[in-house]
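# Observations on chain architecture
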Amino acid sequence: MSQDAIPNDRQLIQEGSAKMLYPKGVVFYNPVQVQNRDLSLIMMQLYAERRTKRVVLKRKRKEFLKAAREAIGSDSDKKQQVNMAAVEEKVRDYDATTNWKDVYDNYDGKGIRILDALAASGLRSIRYFNELSPPLLHSVTINDLDPAAVDLAKENIKFNNLSDVLLTLEEESKGDKRGVVVVNNDATHLMYTSRRVPNLHQIDPILAMQKDQYDVIDLDPYGSAAPFLDAAVQAVTNGGMLAITCTDMAALGGSHADTCYGRYGSMTIPRAGYLQELALRVLLSNIAQRAAVYGRYMRPILSVGMHFYVRVFVEIWDDKAAVNNLSLEIGTVYQSTQCPSFHTVPHGQHPLKNQNVIQATRAPRAPCCEETGGPFKTAGPCWLGPMHNVEVVKEAIERLALLKDMKKKEGLFGYLKQDRELHGLLTVCSEELPDAPLYYVLPKLSHALGCSTPPIDKFKSALINAGYRVSGYHKEAQAIKTNAPNSVVWDIMRAWCKEHPPNPKSKNKQNKTKKQKRNKNGNSCGNEVENVEEQDNGKEQIDTNEMSSGEKILAVEPAITVDFTLTSEVRNKAKALRFPMNPEANWGPKKAASGYKRKVDDDEQNG
């Protein structure tokens, strides 16, 4: 089909290298997802390069090892052992001295195989095929259960002049041709029949019914990806990557904790300040536990909250030793019911005397909140390990920075529209503390005390000056991620309140009666002081039953010296578009796409 000939019932939308025809009046395209697809292109290209480097270095390692064995010889007099340290040193030297860009541009091996399992119109897949480095990409499989979506994908493949590279599943599996496959199948069924490990020497009759695993599986459903995760962690190669989107933020964000528990096996906390990050950690925990069932370990590459959804890129590895240590990276959140204080506790820990053994960990030492005496509520299981691979994220930032300096975008990533926004997003991700799960929201800390909110740069500087580390969070401009304990965070707020006393008519004071009623109705740990005016030593005893949570926190003097002087680390942060505004009104999700049956039903109702 000529790109000049646009049928009357179609509208033309161009995104990146793809020119797409969509039915007029039918939901198939959402411009909000441009950033999702742009980010996915970057992560796919970087993954293809990492995989290619692994393949080349593995081949070189074999060559160096063979040469070392030949140098020793096979005589019985020469029973020397191969010096593996020397072999690895040669591999490192080869890695350091090789021009990898030339290797990628001239790679003659088999590129990656991508499965777009829920492809809809095929826009994402067409962009993958057109915009990723051709030597590093073997095929893209476009799959959707909806026949209307599959027909639309075929129409757009023809419209984008890709008919010559259209393959069948059988042709693609042979590996001789590079191209695009279109499949009308159930995504889970397709993945469950693609669990055969590639390059097996002997294939029994049952395995013969299976197809080779994919290098990359992209899951971008309308709603939750939970029904597809079990199949996905099995259908991806060892070291392969999963790209997963979930838009069910009502469940993951805590509004429907019961739904979240049913889908992901985790409990969330409604209205928690850190709900955006907790949503990601619940999803990562679920992926990790599903993979562990099959002796596979999940390594997060990038985990982000974007607009109204979350998106994670993770690698899946056959690693039983790492699976055995999984309890060290999955745990429970203990959240105070009366203030923003929280603890994160992994499910497993090493005994002090034996680091090779894992035992069940202990709950927080205090049975209730140390600041207010309120009880804890729990969330989880959730992922407590790092959410990003910092090296990969920094490589992506460097590639995007090159685009920013170009007057005209060209080459790889030359079609990206959201490069400035992605540069800012990834910059914040690269700064996040990897070992400090969850965060405080500064206005929520101030609200608990009824005081004004301190400038975030001053608060961060106070933590650094106190000897702790601190960062922001990519989805919340007022987030405070830190390795400082709750007591230090509140000491800084107490010091701020001494300089900027709370307003006695604040909302916190007005809610005092309600909080007293909650305390008397059992919302406490039972360790409040009885209503006593004077103790034996003559000092007046404070009755905490008659105090709000903010008053309880401010009744304690700071235990540290607080310095709000701005530090160089805070002043000299990298320039980036960190928290851009939405480009237009009503920037969010749309209704699910309409297939043939739904369109017929609508026509009958309107007719």
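Read on for a plain summary of the structure.

The rules we used
- Residues numbered from 1 in each chain as written.
- Predicted model: local features only at pLDDT ≥ 70, side-chain atom pairs only at ≥ 80, totals over all residues.
- Heavy atoms only, no water.
- Helix = DSSP H or I, 4+ residues; strand = E, 2+ residues; numbered from the N terminus.
- Buried < 20%, exposed > 50% of the residue type's maximum accessible area, 1.4 Å probe, protein only.
- Contact = heavy atoms within 4.5 Å.
- Areas by Shrake-Rupley, 256 points an atom, 1.4 Å probe, with all protein chains shown as cover.
- Salt bridge = Lys/Arg side-chain N within 4 Å of Asp/Glu carboxyl O.
- Pairing = 2+ DSSP bridges.
- Axes fitted to C-alpha atoms, helices over the stretch in contact; angles between N-to-C directions.
- Disulfide = S-S within 2.5 Å.
- Parallel < 35°, antiparallel > 145°, perpendicular 65-115°, else oblique.
- Left-handed = near helix turned anticlockwise from the far one by under 90°.
- Nonpolar A, V, L, I, M, F, W, Y, C, P; charged D, E, K, R; others polar.
- Expected span 1.5 Å × (residues − 1).
- Polar contact = N/O pair within 3.5 Å; in protein donor to acceptor, adjacent residues only side chain to side chain.

### Quick look at the overall build of the protein chain
When its secondary structure is counted, the protein chain shows 23 helices and 18 strands. Residues classed as buried in the protein chain amount to 51% of the 607 residues present. For the protein chain, contacts bridging at least 24 residues in sequence account for 71% of all contacts bridging at least 6. When the accessible area of the protein chain is evaluated, it comes to approximately 30000 Å², of which 49% is carbon and sulfur surface.

### Looking at the pattern of salt bridges
Pairing between side chains of opposite charge can happen when the charged atoms of each approach one another. Going through the model one piece at a time under the given rule, you end up with 30 salt bridges. When the shortest N-O distance is used, the salt bridge between R61 and E88 registers 2.9 Å. With a gap of 27 residues between them, R61 in helix 1 (residues 34–72) and E88 in helix 2 (residues 84–97) connect regions that are remote in the sequence. According to the relative accessible area criterion, R61 is partly exposed, its value standing at 29%. The exposure class of E88 is partly exposed, given its relative accessible area of 24%. Here the salt bridges do not stand alone but share partners, grouping E15, R37, D38, R127 and E131 into one network.

### Quick notes on the sheet that holds strand 5 (residues 166–167)
In sheet architecture, strand pairing relies on hydrogen bonds along the backbone and comes in two forms, parallel and antiparallel. Read from one edge to the other, the open sheet built from eight strands follows the order 5-6-4-3-7-8-10-9, with strand pairing classed as mixed. Looking at strand neighbours, the two that pair on one side only are strand 5 and strand 9 (296–306), the edges of this open sheet. Running at roughly 155° to strand 6 (residues 179–183), helix 5 (residues 147–159) makes contact with strand 4 (137–143), strand 5 and strand 6 of the sheet.

### Topic: the pairing of strand 1 (residues 10–15)
With six bridges joining them, strand 1 and strand 2 (residues 18–23) adopt antiparallel strand pairing. Residue pairing across strands places I13 opposite M20, the latter belonging to strand 2. Hairpin connection, strand 1 to strand 2: the antiparallel pair is bridged by two residues, and G16 has positive phi, about 60°.

### Structural notes on the pairing of strand 15 (residues 376–383)
Put simply, side chains in a regular strand alternate between the two faces of the sheet. Strand 15 sits mainly inside the fold: six of its eight residues count as buried. Sheet analysis places strand 11 (residues 330–336) next to strand 15, joined by six bridges and oriented antiparallel. Counted as the bridge partner of G331 is C382 from strand 15.

### Digging into the state of the cysteines
Evaluated as defined, the whole model comprises zero disulfides. Here C369 is not cross-linked by a disulfide; its sulfur's nearest cysteine counterpart is in C339, at 3.6 Å. Free cysteine C497: the closest other cysteine sulfur is in C451, separated by 3.6 Å.

### Remarks on the packing of helix 9 (residues 226–235) against helix 12 (residues 275–292)
Interaxial distance between helix 9 and helix 12 falls to 9 Å at its minimum, and their mutual angle equals 40°. One way to sum up the angle between helix 9 and helix 12 is to call them oblique. Two packed elements cross with a definite hand, and for helix 9 against helix 12 that hand is right-handed. Here helix 9 contributes A226, L229, D230 and V233 to the contact with helix 12, which in turn contributes L283, N286, I287, R290 and A291. Across the contact of helix 9 with helix 12, the residue classes tally to six nonpolar, one polar and two charged.

### Quick word on helix 2
Between its first and last C-alpha atoms helix 2 spans 20 Å; for 14 residues at 1.5 Å apiece the expected length is 20 Å, and the two agree. Two to three positions downstream of the cap, the backbone nitrogen of A85 sits 3.2 Å from a side-chain oxygen, assigning the N-cap of helix 2 to N83.

### Some thoughts on the packing of helix 1 against helix 15 (residues 419–431)
It is at 10 Å that the axes of helix 1 and helix 15 come closest, and there the two elements cross at 65°. Taken together, the axes of helix 1 and helix 15 are roughly perpendicular relative to one another. Between helix 1 and helix 15 lies a crossing of right-handed hand. Residues Q35, D38, L39 and I42 of helix 1 pack against E421, L422 and L426 of helix 15. The class makeup of the residues in the contact of helix 1 with helix 15 is four nonpolar, one polar and two charged.

### Describing unusual backbone geometry
Each neighbour pair has its own omega, and for G380 with P381 the value is 5°, a cis peptide bond. Note on placement: P381 falls in strand 15. A positive phi angle, close to 55°, is found at H307, a residue other than glycine. Of note, H307 is situated in the loop between strand 9 and strand 10 (309–318). Relative accessible area serves as the criterion here: at 28%, H307 is assigned to the partly exposed category. Of note in this structure, L438 is not a glycine but carries a positive phi near 70°.

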